[in-house]
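# Remarks on the overall topology
Below are the chains, spelled out letter by letter.
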Amino acid sequence: MNNKTERLKEYAKMLINKYGSPLYVYDYEILKKRCEDMSKLQKQLENALAKKVRMHYSTKANSNPYILETVKEAGLYVDCMSPVELMINKKCGFKNQEILYVCNNITAEEMKLVYESKILICLDSISQVDTWGKQFPGTKIMVRINPGVVGVGHSEKVITSGKLTKFGITEENFEELFEVAKKYNLTIIGIHQHLGSLFLNDKIDNYIMGVKAGLNLIKKHFKNIKIVDLGGGFGVPYKPEEKPLNLDIVSEKLIKVLKEFVNEYQSVEEFKFEPGRYIPCEAGYLIGQVTAIKHENGQYYIGTDIGMNQLVRPSMYDAYHEITIFGTKSEEKIQANIVGNICESGDILGKNRTITLPNIGDLVVVSNAGAYGSSMASNYTGRLRPGEVMIYKDGRIEKMKDRETETNILQGLYFPKKYKI
Ligand code: PLP
């Protein structure tokens, strides 16, 4: 158990009793520190490049208003990808120019909403540029390119650059992009790329190579670009042996390539980044409880109430999350699969973990659940999404979200007349 998880021990039982199990819990101090890391990186780059640099927290990682409040207090901006995320960003007080709409395959109606909200849009295919241009000729847009190099990411499912991805416009299609932009008198003021999600120290050089590839394409093909957006991807350690991302090295290497670019490409006024995971990930825990202990065919299964609907990353990406069990008295060490309560064989929270044999009712704490945890949760098999709370330094606890109720799920569901509920 690490120090961070130890700190949670004094609160866990009380929180579960009060707010129900499972429950997302966030540590404000960690969240604030990660926001500050990003604003420090922003300042370092800004000072070194003498250009505007803006970090837009990627709302998709966790859109809770308490997370966004902390982001805002650190002076960071936001990006969003759907009308609801946009609405939440606006409600949290972000101004139009502090929000970026980075979308994929949206409808003409959704584009209208973005246009009417006066938010800068980043379009990621020629087809989408065409749909936009038809409605809003003569406007300014950003476009997402695919720099062609294989991206960086913890799973194939989150690598968003290279030949095997649905995202961005590749070099061989730039001419067609320019024709469509010309047809509607659109001005491409910004270029965006996002290589993938979660790089750590061993992949900094691959990230930088991807950045260089994108910058080279801008220099070769695009004139008068004002904004270069390099997306997100900043990783955090999930496994005990992994080290935190060294942002000083990232900063040093970025400054080198961006300085060269600034010297050669005069029109650029601003660099943007879109860190998502880095900000809320380590602040978040998902707490649940042991509901069953099973030993069959030489394999232990520790059943819990944390199903793949509450935290989908392990089953979706084979992602590793540290799991700590509170309350164990036994000294007996076992190797076990820690599993959820959903009827799917893939509903495995942690494979082959060495733990001490727990008891029914012991608390299960999943670390690094703050990003792509609650934002990806679902009602699969009719299970309720957890409540969420924030713990502050002085021990104060704020509720961030109610635990869902059956009424929430049944709302909007129609039953044939003969079924009365
Ligand atoms: N920007 C875009 C366009 C994304 O698709 C994503 C995530 O996939 C992000 C930013 C945030 O990425 P991360 O959470 O890895 O920083």
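Residues numbered from 1 in each chain as written. Predicted model: local features only at pLDDT ≥ 70, side-chain atom pairs only at ≥ 80, totals over all residues.

### A short note on the pairing of strand β3 (residues 77-80)
Condition: The exposure label follows from counting other C-beta atoms within 10 Å of a residue's C-beta, where the C-beta atoms are placed from the backbone and the thresholds are 20 or more for buried and 12 or fewer for exposed, leaving partly exposed in between. Each helix corresponds to a stretch of at least 4 residues labelled H or I by DSSP, and each strand to a stretch of at least 2 residues labelled E; elements are numbered beginning at the N terminus. DSSP bridges decide pairing: two strands pair if at least two such bridges lie between them. Look down the strands so they point away from you; if going from the first strand over the helix to the second traces a clockwise path, that crossover is right-handed.
Across the two faces of β3 the burial is the same, with Y77 and D79 and V78 and C80 all buried. Sheet topology places strand β2 (residues 52-58) next to β3; three bridges connect them, and they run parallel. Residue H56 lies in a different strand from β3, and its bridge partner there is Y77. Traced from β2 through helix α3 (residues 65-73) to β3, the parallel crossover comes out right-handed. Sheet analysis places β3 next to strand β4 (residues 99-102), joined by three bridges and oriented parallel.

### Notes on the packing of helix α6 (residues 126-135) against helix α7 (residues 174-183)
How we decide: Angles run from 0 to 180 degrees between N-to-C directions of axes, and those axes are lines fitted to C-alpha atoms, restricted for helices to the stretch in contact. An angle counts as roughly parallel when it lies under 35 degrees, as roughly antiparallel when it exceeds 145, as roughly perpendicular when it falls between 65 and 115, and as oblique in every other case. Each residue is represented by a C-beta atom placed from its backbone, and any two residues with such atoms within 7 Å are regarded as in contact. Three classes are used: nonpolar for Ala, Val, Leu, Ile, Met, Phe, Trp, Tyr, Cys and Pro, charged for Asp, Glu, Lys and Arg, and polar for all others, with Gly counted as polar.
Across the interface, α6 lies against α7 with an axial gap of 9 Å and an inter-helix angle of 5°. For the element pair α6 / α7, the angle class is roughly parallel. Across from I126, V129, D130 and G133 in α6, the residues of α7 making contact are E176, L177, V180, A181 and K183. Grouping the constituent residues of the contact of α6 with α7 by class yields five nonpolar, one polar and three charged.

### Focus: helix α4 (residues 83-91)
Put simply, the test is: The arc in question is traced by the directions running from the helix axis to the C-beta atoms.
Within α4 the residues assigned to the buried category are E85, L86 and N89. Taken down its axis, α4 places every buried residue within 100° of arc, on the same side. Counted as exposed and oriented over 90 degrees from the buried face of α4: V84 and K91. On its buried face, α4 sits against α3, β3 and β4. Once α4 ends, the next one or two residues include G93, with phi positive near 90°.

### Considering the domain arrangement of the protein
Heads up, the condition is: The domain boundaries here were taken from an automatic or database domain assignment.
We note that the domain assignment places domain 1 (3-26 + 282-398) and domain 2 (77-273) within the protein. Using only C-alpha atoms to locate each centre, domain 1 and domain 2 end up separated by 34 Å. Contacts between the two partners involve eight residues from domain 1, matched on the other side by eight residues from domain 2.

### Quick notes on the site of the ligand
Our working rule: For each residue, a C-beta atom is placed from the backbone, and the residue is labelled near a molecule or strand when this atom is within 6 Å of it.
Around the ligand, the surrounding shell holds 15 residues, and the nearest of these are S197, G232, E274, G276 and R277. Looking at the shell around the ligand, its residues break down into six nonpolar, seven polar and two charged.

### With respect to helix α8 (residues 204-221)
Stated formally: Take the residue count of a helix, subtract one, and multiply by 1.5 Å to get its expected span.
Its 18 residues give α8 an end-to-end C-alpha distance of 26 Å, which sits within 8% of 26 Å, the value for a rise of 1.5 Å per residue. Within the span of α8, buried status applies to I204, Y207, G210, V211, G214, L215 and L217. Seen end-on, α8 carries its buried residues on one side only, within an arc spanning 155°. The inward-facing, buried residues of α8 contact α9 (247-264).

### What to know about the packing of helix α2 (residues 28-49) against α9
For clarity, the cut-off: With the far helix as reference, a near helix turned anticlockwise by less than a right angle produces a left-handed crossing, and one turned clockwise produces a right-handed crossing.
Their axes nearest at 10 Å, the elements α2 and α9 cross at an angle of 30°. As α2 runs across α9, the sense of the crossing is right-handed. Contacts between α2 and α9 involve D37, L41, Q44, L45, A48 and L49 from the former and L247, S251, L254, I255, L258, K259 and V262 from the latter.

### Section: unusual backbone geometry
Note: most residues except glycine have negative phi, and most peptide bonds are trans. In this structure, the amide linkage connecting S21 to the following residue, P22, adopts the cis form with an omega of -5°. Among the secondary structure elements, P22 is positioned in the loop between α1 (3-19) and β1 (23-27). At N297, a position not held by glycine, the phi torsion is positive, near 50°. Inspection of the secondary structure puts N297 in the loop between β10 (284-296) and β11 (299-304). Note on N297: 4 C-beta atoms within 10 Å, which makes it exposed.

### Section: the sheet that holds strand β8 (residues 227-229)
Pairing is parallel in the closed barrel, where eight strands are placed in the order β2-β3-β4-β5-β6-β7-β8-β9. Averaged over all pairs of adjacent strands, the angle between their axes in this sheet comes to 30°, without regard to strand direction. When β4 meets strand β5 (residues 120-123), the two strands line up parallel, connected through three bridges. Pairing of Y101 across the sheet is with I121, part of β5. In the packing of α2 onto the sheet, the strands contacted are β2 and β9 (270-273), and the crossing angle to β2 comes to about 155°.

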